[in-house]
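Now for the letters of each chain:
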Amino acid sequence: MTVTDAAIDSVATAVYTVPTDAPEADGTFTWDATTLVMVTLRAAGVVGTGWTYGAPACAAVVRDHLAPIVQGRSALDVAEAWEQMVRALRNVGRPGMGGMALSAVDIAMWDLKARLLDLPLHRLLGAVHDGVPLYGSGGFTTYDDARLDEQLTGWVRRDGIPRVKIKIGESWGTQVDRDLDRVRKARAAIGDETQLYVDANGGYSVGQALRVARQLRDSDVRWFEEPITSDDLDGLRHLRRLTSMDITAGEYGYDLTYFRRMCAAGAVDCLQIDVTRCGGITELPRVSAVAAPHGLDVSGHCAPHLHVAALAAIPNLRHLEWFHDHVRIEAMLFDGTLDPSGGDLRPAEDRLGHGLALRPDRAEPFRIA
Ligand SMILES: [Mg+2]
(Lines give C-alpha, C1' and ligand atoms only; values in the text may rest on other atoms or scores of the structure.)
Protein backbone atom coordinates (compact mmCIF):
# COMPACT_ATOMS: atom_id res chain seq x y z
CA MET A 1 0.00 0.00 0.00
CA THR A 2 1.28 3.49 -0.81
CA VAL A 3 0.79 6.33 1.60
CA THR A 4 -1.85 7.89 -0.69
CA ASP A 5 -4.12 4.93 0.05
CA ALA A 6 -3.87 5.31 3.81
CA ALA A 7 -7.45 5.09 5.04
CA ILE A 8 -8.13 5.85 8.69
CA ASP A 9 -9.06 2.50 10.19
CA SER A 10 -9.59 3.44 13.82
CA VAL A 11 -10.74 6.45 15.84
CA ALA A 12 -10.40 6.25 19.61
CA THR A 13 -10.92 8.70 22.46
CA ALA A 14 -9.56 8.80 25.99
CA VAL A 15 -10.08 11.28 28.81
CA TYR A 16 -7.45 12.11 31.46
CA THR A 17 -8.02 14.30 34.50
CA VAL A 18 -4.83 15.49 36.17
CA PRO A 19 -4.94 17.25 39.57
CA THR A 20 -3.13 20.61 39.66
CA ASP A 21 0.00 20.92 41.81
CA ALA A 22 -1.81 23.49 44.01
CA PRO A 23 -5.29 25.07 44.15
CA GLU A 24 -5.62 27.50 41.23
CA ALA A 25 -7.83 30.48 40.40
CA ASP A 26 -7.97 33.47 38.09
CA GLY A 27 -10.35 36.44 38.14
CA THR A 28 -13.48 34.46 37.39
CA PHE A 29 -12.79 30.72 37.82
CA THR A 30 -11.37 28.30 40.38
CA TRP A 31 -10.06 24.78 39.68
CA ASP A 32 -8.03 21.93 41.14
CA ALA A 33 -7.72 19.62 38.11
CA THR A 34 -7.36 19.84 34.33
CA THR A 35 -8.98 17.46 31.84
CA LEU A 36 -7.36 16.45 28.56
CA VAL A 37 -9.55 14.82 25.89
CA MET A 38 -7.41 12.71 23.57
CA VAL A 39 -8.19 11.57 20.02
CA THR A 40 -6.09 8.78 18.50
CA LEU A 41 -6.30 7.93 14.79
CA ARG A 42 -4.65 5.02 12.99
CA ALA A 43 -3.90 4.52 9.30
CA ALA A 44 -1.49 2.08 7.65
CA GLY A 45 -0.14 1.17 11.08
CA VAL A 46 0.76 4.79 11.87
CA VAL A 47 -0.76 6.65 14.85
CA GLY A 48 -1.73 10.33 15.00
CA THR A 49 -2.91 12.13 18.11
CA GLY A 50 -4.67 15.38 18.93
CA TRP A 51 -6.27 16.70 22.06
CA THR A 52 -8.14 19.55 23.66
CA TYR A 53 -8.41 20.76 27.23
CA GLY A 54 -12.13 20.57 27.89
CA ALA A 55 -14.99 18.63 29.40
CA PRO A 56 -15.08 14.81 29.16
CA ALA A 57 -18.24 15.24 27.06
CA CYS A 58 -16.04 16.40 24.15
CA ALA A 59 -15.14 12.73 23.74
CA ALA A 60 -18.81 11.87 23.20
CA VAL A 61 -19.06 14.53 20.47
CA VAL A 62 -16.08 12.91 18.76
CA ARG A 63 -17.50 9.40 19.08
CA ASP A 64 -21.09 10.21 18.08
CA HIS A 65 -20.65 12.91 15.42
CA LEU A 66 -17.08 13.14 14.09
CA ALA A 67 -15.65 9.61 14.18
CA PRO A 68 -18.16 8.33 11.57
CA ILE A 69 -16.89 11.03 9.17
CA VAL A 70 -13.20 10.36 9.69
CA GLN A 71 -13.40 6.56 9.79
CA GLY A 72 -12.47 5.07 6.41
CA ARG A 73 -11.41 8.43 4.92
CA SER A 74 -7.95 9.00 3.48
CA ALA A 75 -5.67 10.36 6.18
CA LEU A 76 -4.34 12.87 3.64
CA ASP A 77 -7.71 14.51 3.00
CA VAL A 78 -7.72 16.75 6.04
CA ALA A 79 -9.53 19.67 4.39
CA GLU A 80 -12.39 17.49 3.17
CA ALA A 81 -12.78 15.79 6.53
CA TRP A 82 -12.75 19.19 8.27
CA GLU A 83 -15.51 20.52 6.02
CA GLN A 84 -17.68 17.46 6.60
CA MET A 85 -17.11 17.62 10.36
CA VAL A 86 -18.18 21.27 10.48
CA ARG A 87 -21.37 20.38 8.59
CA ALA A 88 -22.05 17.51 10.99
CA LEU A 89 -21.84 19.92 13.94
CA ARG A 90 -24.58 22.25 12.66
CA ASN A 91 -27.25 21.01 15.03
CA VAL A 92 -24.79 19.98 17.74
CA GLY A 93 -23.26 23.45 18.04
CA ARG A 94 -19.76 24.29 16.90
CA PRO A 95 -18.96 26.92 19.57
CA GLY A 96 -17.88 25.26 22.83
CA MET A 97 -17.51 21.50 23.01
CA GLY A 98 -18.28 21.00 19.31
CA GLY A 99 -15.34 23.23 18.39
CA MET A 100 -13.07 21.53 20.91
CA ALA A 101 -13.96 18.08 19.54
CA LEU A 102 -13.46 19.32 15.96
CA SER A 103 -10.08 20.81 16.89
CA ALA A 104 -8.83 17.63 18.58
CA VAL A 105 -9.75 15.48 15.55
CA ASP A 106 -8.28 18.00 13.11
CA ILE A 107 -4.99 18.13 15.04
CA ALA A 108 -4.87 14.33 15.13
CA MET A 109 -5.41 14.23 11.35
CA TRP A 110 -2.58 16.71 10.71
CA ASP A 111 -0.29 14.75 13.03
CA LEU A 112 -1.18 11.50 11.28
CA LYS A 113 -0.70 13.01 7.82
CA ALA A 114 2.75 14.37 8.71
CA ARG A 115 3.82 11.02 10.16
CA LEU A 116 2.57 9.15 7.09
CA LEU A 117 4.58 11.53 4.91
CA ASP A 118 7.62 11.09 7.19
CA LEU A 119 7.77 14.81 8.06
CA PRO A 120 7.81 16.98 11.17
CA LEU A 121 4.49 18.85 11.17
CA HIS A 122 6.08 22.30 10.83
CA ARG A 123 7.82 21.09 7.66
CA LEU A 124 4.55 19.84 6.21
CA LEU A 125 2.86 23.17 7.03
CA GLY A 126 5.82 25.25 5.83
CA ALA A 127 7.51 27.26 8.58
CA VAL A 128 8.34 30.98 8.35
CA HIS A 129 9.89 31.11 11.84
CA ASP A 130 12.65 28.93 13.33
CA GLY A 131 11.20 29.36 16.81
CA VAL A 132 8.03 30.58 18.47
CA PRO A 133 8.56 33.25 21.17
CA LEU A 134 7.11 32.30 24.55
CA TYR A 135 5.72 34.07 27.55
CA GLY A 136 5.51 32.35 30.95
CA SER A 137 1.90 32.22 32.17
CA GLY A 138 0.57 31.38 35.61
CA GLY A 139 0.71 33.68 38.63
CA PHE A 140 -2.61 32.39 39.93
CA THR A 141 -4.55 34.46 42.47
CA THR A 142 -4.35 31.50 44.88
CA TYR A 143 -0.53 31.71 45.08
CA ASP A 144 1.16 33.23 48.10
CA ASP A 145 4.03 35.65 47.59
CA ALA A 146 6.71 32.96 47.84
CA ARG A 147 5.09 30.73 45.20
CA LEU A 148 4.53 33.68 42.86
CA ASP A 149 8.16 34.72 43.21
CA GLU A 150 9.42 31.16 42.69
CA GLN A 151 7.37 30.64 39.53
CA LEU A 152 8.22 33.97 37.91
CA THR A 153 11.93 33.84 38.68
CA GLY A 154 12.01 30.25 37.38
CA TRP A 155 10.83 31.40 33.97
CA VAL A 156 13.05 34.46 33.89
CA ARG A 157 16.30 33.26 35.50
CA ARG A 158 16.22 29.48 34.92
CA ASP A 159 14.56 29.41 31.49
CA GLY A 160 15.53 32.84 30.15
CA ILE A 161 11.97 33.68 29.09
CA PRO A 162 11.77 37.49 28.74
CA ARG A 163 7.98 37.85 29.25
CA VAL A 164 5.66 36.66 32.03
CA LYS A 165 1.96 36.96 32.83
CA ILE A 166 0.02 36.84 36.10
CA LYS A 167 -3.69 36.65 36.87
CA ILE A 168 -5.52 39.65 38.35
CA GLY A 169 -9.20 40.55 38.75
CA GLU A 170 -9.39 38.26 41.80
CA SER A 171 -12.90 37.23 42.89
CA TRP A 172 -14.62 39.04 40.02
CA GLY A 173 -12.70 42.25 40.54
CA THR A 174 -13.45 42.64 44.24
CA GLN A 175 -9.78 42.49 45.41
CA VAL A 176 -8.19 45.32 43.44
CA ASP A 177 -5.77 46.30 46.20
CA ARG A 178 -4.41 42.76 46.33
CA ASP A 179 -4.28 42.62 42.50
CA LEU A 180 -2.12 45.74 42.39
CA ASP A 181 0.03 44.56 45.29
CA ARG A 182 0.71 41.27 43.45
CA VAL A 183 1.57 43.16 40.26
CA ARG A 184 4.12 45.27 42.17
CA LYS A 185 5.58 42.12 43.73
CA ALA A 186 5.77 40.46 40.32
CA ARG A 187 7.63 43.46 38.90
CA ALA A 188 10.05 43.40 41.84
CA ALA A 189 10.65 39.66 41.32
CA ILE A 190 11.41 39.83 37.60
CA GLY A 191 13.35 43.11 37.47
CA ASP A 192 13.03 45.90 34.91
CA GLU A 193 14.18 44.01 31.81
CA THR A 194 11.37 41.42 31.68
CA GLN A 195 8.00 42.29 30.13
CA LEU A 196 5.10 41.97 32.57
CA TYR A 197 1.62 41.00 31.39
CA VAL A 198 -1.67 40.68 33.28
CA ASP A 199 -4.87 38.74 32.58
CA ALA A 200 -8.13 39.61 34.36
CA ASN A 201 -10.20 36.87 32.64
CA GLY A 202 -13.07 39.34 32.30
CA GLY A 203 -13.20 40.10 36.02
CA TYR A 204 -13.57 43.90 35.89
CA SER A 205 -16.20 46.38 34.71
CA VAL A 206 -15.13 48.94 32.07
CA GLY A 207 -14.62 51.84 34.49
CA GLN A 208 -12.87 49.63 37.01
CA ALA A 209 -10.56 48.24 34.32
CA LEU A 210 -9.65 51.78 33.26
CA ARG A 211 -8.79 52.75 36.86
CA VAL A 212 -6.72 49.58 37.26
CA ALA A 213 -4.97 50.20 33.92
CA ARG A 214 -3.84 53.65 35.08
CA GLN A 215 -2.21 52.10 38.14
CA LEU A 216 -0.65 49.24 36.14
CA ARG A 217 1.41 51.81 34.24
CA ASP A 218 3.51 52.30 37.39
CA SER A 219 4.68 48.68 37.00
CA ASP A 220 5.23 49.06 33.23
CA VAL A 221 2.60 46.45 32.33
CA ARG A 222 2.52 46.01 28.54
CA TRP A 223 -0.37 43.56 28.04
CA PHE A 224 -3.83 43.71 29.67
CA GLU A 225 -5.72 40.57 28.66
CA GLU A 226 -9.51 40.37 28.97
CA PRO A 227 -9.75 43.38 31.30
CA ILE A 228 -13.52 42.98 30.87
CA THR A 229 -15.59 40.21 29.32
CA SER A 230 -14.36 39.46 25.81
CA ASP A 231 -17.98 39.61 24.64
CA ASP A 232 -18.10 43.40 25.23
CA LEU A 233 -16.37 44.53 22.06
CA ASP A 234 -17.45 48.17 22.51
CA GLY A 235 -16.01 48.16 26.02
CA LEU A 236 -12.72 46.67 24.83
CA ARG A 237 -12.46 49.27 22.05
CA HIS A 238 -13.15 52.02 24.62
CA LEU A 239 -10.36 50.74 26.89
CA ARG A 240 -8.00 50.36 23.97
CA ARG A 241 -8.44 54.05 23.07
CA LEU A 242 -7.80 55.20 26.64
CA THR A 243 -4.76 53.08 27.57
CA SER A 244 -1.35 52.64 26.00
CA MET A 245 -0.95 48.97 26.93
CA ASP A 246 -2.07 46.24 24.57
CA ILE A 247 -5.67 45.10 25.12
CA THR A 248 -6.02 41.46 24.11
CA ALA A 249 -8.67 38.72 23.84
CA GLY A 250 -9.73 35.86 21.61
CA GLU A 251 -9.19 32.68 23.64
CA TYR A 252 -12.91 31.84 23.45
CA GLY A 253 -13.07 32.11 19.66
CA TYR A 254 -14.58 29.04 18.00
CA ASP A 255 -15.03 30.19 14.41
CA LEU A 256 -13.87 32.74 11.84
CA THR A 257 -16.89 34.98 12.30
CA TYR A 258 -16.10 35.47 15.99
CA PHE A 259 -12.57 36.59 15.16
CA ARG A 260 -13.73 38.80 12.26
CA ARG A 261 -16.15 40.62 14.56
CA MET A 262 -13.47 41.11 17.24
CA CYS A 263 -10.96 42.49 14.73
CA ALA A 264 -13.46 44.65 12.86
CA ALA A 265 -14.69 46.20 16.13
CA GLY A 266 -11.16 47.48 16.86
CA ALA A 267 -11.41 45.62 20.16
CA VAL A 268 -7.87 44.23 20.50
CA ASP A 269 -4.20 45.09 19.88
CA CYS A 270 -3.26 41.42 19.52
CA LEU A 271 -5.63 38.58 18.66
CA GLN A 272 -5.40 35.46 20.81
CA ILE A 273 -6.16 32.07 19.22
CA ASP A 274 -6.46 28.63 20.76
CA VAL A 275 -5.75 25.84 18.26
CA THR A 276 -7.62 23.38 20.52
CA ARG A 277 -10.82 25.45 20.26
CA CYS A 278 -10.82 27.47 17.01
CA GLY A 279 -11.10 24.49 14.67
CA GLY A 280 -7.58 23.11 14.84
CA ILE A 281 -4.56 23.45 12.59
CA THR A 282 -6.80 23.81 9.52
CA GLU A 283 -8.50 26.94 10.90
CA LEU A 284 -5.64 28.66 12.76
CA PRO A 285 -3.97 30.09 9.61
CA ARG A 286 -7.33 31.38 8.41
CA VAL A 287 -7.92 33.14 11.75
CA SER A 288 -4.44 34.65 11.44
CA ALA A 289 -5.32 35.81 7.93
CA VAL A 290 -8.41 37.56 9.32
CA ALA A 291 -6.19 39.43 11.81
CA ALA A 292 -3.47 40.41 9.32
CA PRO A 293 -5.29 43.09 7.28
CA HIS A 294 -6.39 44.70 10.57
CA GLY A 295 -2.70 45.14 11.35
CA LEU A 296 -2.89 42.61 14.17
CA ASP A 297 -0.47 39.95 15.37
CA VAL A 298 -1.78 36.71 16.82
CA SER A 299 -0.77 34.98 20.05
CA GLY A 300 -1.34 31.31 20.82
CA HIS A 301 -3.39 30.48 23.92
CA CYS A 302 -2.17 27.57 26.11
CA ALA A 303 -1.56 23.94 24.91
CA PRO A 304 1.96 24.96 23.86
CA HIS A 305 3.05 21.74 22.16
CA LEU A 306 -0.02 21.69 19.91
CA HIS A 307 0.57 25.29 18.81
CA VAL A 308 4.24 25.34 18.03
CA ALA A 309 4.23 23.83 14.53
CA ALA A 310 1.12 25.74 13.45
CA LEU A 311 2.37 29.10 14.77
CA ALA A 312 5.80 28.63 13.18
CA ALA A 313 3.94 28.91 9.86
CA ILE A 314 2.16 32.20 10.73
CA PRO A 315 3.80 35.42 9.45
CA ASN A 316 1.91 37.74 11.85
CA LEU A 317 2.88 35.79 14.97
CA ARG A 318 3.53 37.59 18.28
CA HIS A 319 4.08 34.73 20.72
CA LEU A 320 2.73 31.65 22.51
CA GLU A 321 1.51 31.17 26.07
CA TRP A 322 3.74 28.82 28.12
CA PHE A 323 0.86 28.03 30.50
CA HIS A 324 1.87 26.38 33.77
CA ASP A 325 -0.91 23.73 33.90
CA HIS A 326 -0.52 22.56 30.31
CA VAL A 327 3.28 22.65 30.37
CA ARG A 328 3.16 20.43 33.44
CA ILE A 329 0.58 17.99 32.03
CA GLU A 330 2.30 17.69 28.64
CA ALA A 331 5.63 16.96 30.37
CA MET A 332 3.95 14.39 32.65
CA LEU A 333 2.05 12.44 30.00
CA PHE A 334 4.13 12.71 26.81
CA ASP A 335 7.58 12.04 25.44
CA GLY A 336 9.01 14.67 23.10
CA THR A 337 8.20 17.87 24.99
CA LEU A 338 10.32 20.89 24.06
CA ASP A 339 12.81 22.99 26.02
CA PRO A 340 11.76 26.63 26.57
CA SER A 341 15.31 27.81 27.33
CA GLY A 342 16.05 31.19 25.83
CA GLY A 343 12.36 32.03 25.49
CA ASP A 344 11.73 30.43 22.09
CA LEU A 345 10.11 27.07 21.44
CA ARG A 346 11.75 25.41 18.44
CA PRO A 347 9.84 22.57 16.78
CA ALA A 348 11.90 19.38 16.70
CA GLU A 349 13.50 18.56 13.33
CA ASP A 350 14.10 14.93 14.31
CA ARG A 351 10.57 13.94 15.34
CA LEU A 352 7.61 13.27 13.06
CA GLY A 353 4.23 15.01 13.29
CA HIS A 354 3.79 17.32 16.26
CA GLY A 355 6.58 15.35 17.92
CA LEU A 356 4.74 14.24 21.04
CA ALA A 357 3.99 10.62 21.95
CA LEU A 358 1.65 9.69 24.78
CA ARG A 359 3.23 7.54 27.48
CA PRO A 360 0.39 5.12 28.36
CA ASP A 361 2.19 4.00 31.52
CA ARG A 362 2.20 7.56 32.81
CA ALA A 363 -1.22 8.52 31.50
CA GLU A 364 -3.26 5.48 32.60
CA PRO A 365 -3.46 6.42 36.31
CA PHE A 366 -5.23 9.65 35.30
CA ARG A 367 -7.65 8.08 32.83
CA ILE A 368 -11.34 8.57 33.67
CA ALA A 369 -12.97 7.49 30.39
MG1 LIG B 1 -6.44 34.36 29.30
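Each residue is numbered by its place in its chain's sequence as written, counting from 1. Only residues with pLDDT of at least 70 get local features here, since the model is predicted, and only at 80 or more are side-chain atom pairs given and counted; chain-wide, interface and lining totals rely on the full set of residues.

Chemist: Quick one: what's the story with helix H7 (residues 176–190), residue by residue and with numbers?
Modeler: Along its 15 residues, H7 runs 21 Å from first to last C-alpha, staying within 8% of the 21 Å computed at 1.5 Å per residue. Burial is judged by counting other C-beta atoms within 10 Å of a residue's own C-beta: 20 or more means buried, 12 or fewer means exposed, and anything between counts as partly exposed, with every C-beta placed from the backbone. For the purposes of this entry, the term helix denotes a DSSP run of H or I that reaches at least four residues, the term strand denotes a run of E that reaches at least two, and both are numbered from the N terminus. Those residues of H7 not exposed but buried are Asp179, Arg182, Val183, Ala186, Ala189 and Ile190. The buried side chains of H7 occupy one side of the element, clustering within an arc of 125° when seen end-on. Opposite the buried face of H7, by more than 90 degrees, sit the exposed residues Asp177, Asp181 and Ala188. Backbone geometry just after H7 places glycine 191 at a positive phi near 80°. An expected span of 1.5 Å times one less than the residue number is assigned to each helix. An arc is given here, and it is the one of the directions from the helix axis to the C-beta atoms.

Chemist: Which residues make up the environment of valine 212, and what are the values?
Modeler: Its location among the elements puts valine 212 in helix H8 (residues 206–216). You can call valine 212 buried: it has 24 C-beta atoms within 10 Å. For the pair valine 212 and aspartate 177, spaced 35 residues apart in the sequence, the C-alpha separation amounts to 9.6 Å. Remark: residues whose backbone-derived C-beta atoms lie within 7 Å of one another are considered to be in contact. Beyond its immediate chain neighbours, meaning those up to four positions away, valine 212 contacts Val176, Asp179 and Tyr204.

Chemist: Hey, could you go over the sheet that holds strand S3 (residues 46–53) for me, with residue numbers and the actual values?
Modeler: Taken in spatial order, the 3 strands make up an open sheet running S1-S2-S3, and their pairing is antiparallel. Strand pairing shows two members of the sheet lacking a second neighbour, strand S1 (8–25) and S3, which therefore form its edges. In this sheet, adjacent strand axes meet at a mean angle of 20° when their direction is disregarded. Pairing analysis gives 13 bridges linking S1 to strand S2 (residues 30–43), with the strands arranged antiparallel. In the strand pairing of S2, threonine 13 is matched with valine 39. Note on method: axes are straight lines fitted to C-alpha atoms, helices fitted across the in-contact stretch only, with angles between N-to-C directions ranging 0 to 180 degrees. Against the sheet, helix H3 (residues 94–116) makes contact with S2 and S3, and its axis sits at roughly 150° relative to S3, the strand it touches most. Taken strand by strand, helix H13 (residues 324–333) contacts S1, S2 and S3, and its axis lies near 125° from that of S1. Pairing between strands is defined by DSSP: at least two bridges between them are needed.

Chemist: Quick rundown of the pairing of strand S7 (residues 221–225)? Include the residues and the values.
Modeler: Extensive coverage of S7 is indicated by the burial of 4 of its 5 residues. In this fold, strand S6 (residues 195–199) hands off to H8, which returns the chain to S7; that crossover is right-handed. Where S7 lies against strand S8 (residues 246–249), 3 bridges are found, and the strand directions are parallel. By the bridge assignment, glutamate 225 is partnered in S8 with threonine 248. Look down the strands so they point away from you; if the path from the first strand over the helix to the second goes clockwise, the crossover is right-handed. For the crossover that starts at S7, traverses helix H9 (residues 233–242) and ends in the parallel S8, the hand is right-handed.

Chemist: Outline the domain arrangement of the protein, supporting the account with residue identities and numerical values.
Modeler: As annotated, the domain borders come from an automatic or database domain assignment. Segmentation of the protein into domains returns domain 1 (3–119) and domain 2 (123–358). The gap between the C-alpha centroids of domain 1 and domain 2 is 23 Å. Facing 40 residues of domain 1, the contacting portion of domain 2 comprises 39 residues. All residues other than Ala, Val, Leu, Ile, Met, Phe, Trp, Tyr, Cys, Pro, Asp, Glu, Lys and Arg, Gly among them, are scored as polar; the first ten of these are nonpolar and the last four charged. Residue composition of the side of domain 1 that touches domain 2, grouped by class: 21 nonpolar, 10 polar and 9 charged.

Chemist: Break down the packing of H8 against H9 for me, citing the residues and quoting the values.
Modeler: Put simply, H8 and H9 touch, their axes get as near as 10 Å, and they point 25° apart. For the element pair H8 / H9, the angle class is roughly parallel. Of the two elements, H8 crosses H9, and the hand of that crossing is right-handed. Across from Val206, Ala209, Leu210 and Ala213 in H8, the residues of H9 making contact are Gly235, His238, Leu239 and Leu242. For classification, angles of less than 35 degrees are called roughly parallel, those exceeding 145 degrees roughly antiparallel, those between 65 and 115 degrees roughly perpendicular, and all remaining angles oblique. In this scheme, a crossing is called left-handed if the near helix is turned counterclockwise away from the far one by less than a right angle; it is called right-handed if the turn is clockwise.

Chemist: Before we move on, can you summarise the environment of glycine 173 with the specific residues and values?
Modeler: Residue position: glycine 173 is located in helix H6 (residues 170–173). Apart from residues no more than four positions distant in its own chain, glycine 173 is found in contact with Gly27, Gly203, Tyr204, Ser205 and Gln208.

Chemist: Tell me what's going on with the pairing of strand S4 (residues 132–137), and back it up with residues and numbers.
Modeler: Remember that side chains alternate between the two faces of the sheet whenever the strand is regular. Among the 6 residues that make up S4, 5 are buried, leaving the element largely enclosed by the rest of the structure. Bridge count between S4 and strand S13 (residues 344–345): 2 bridges; the pairing is antiparallel. The partner of proline 133 across the bridge, within S13, is aspartate 344. By the bridge criterion, 4 bridges tie S4 to strand S11 (residues 317–323) in an arrangement that is parallel. Each bridged residue has a counterpart across the sheet, and for glycine 136 the counterpart in S11 is tryptophan 322. In this view, the connection linking S4 to its parallel neighbour strand S5 (residues 163–167) by way of helix H5 (residues 145–158) has right-handed handedness.

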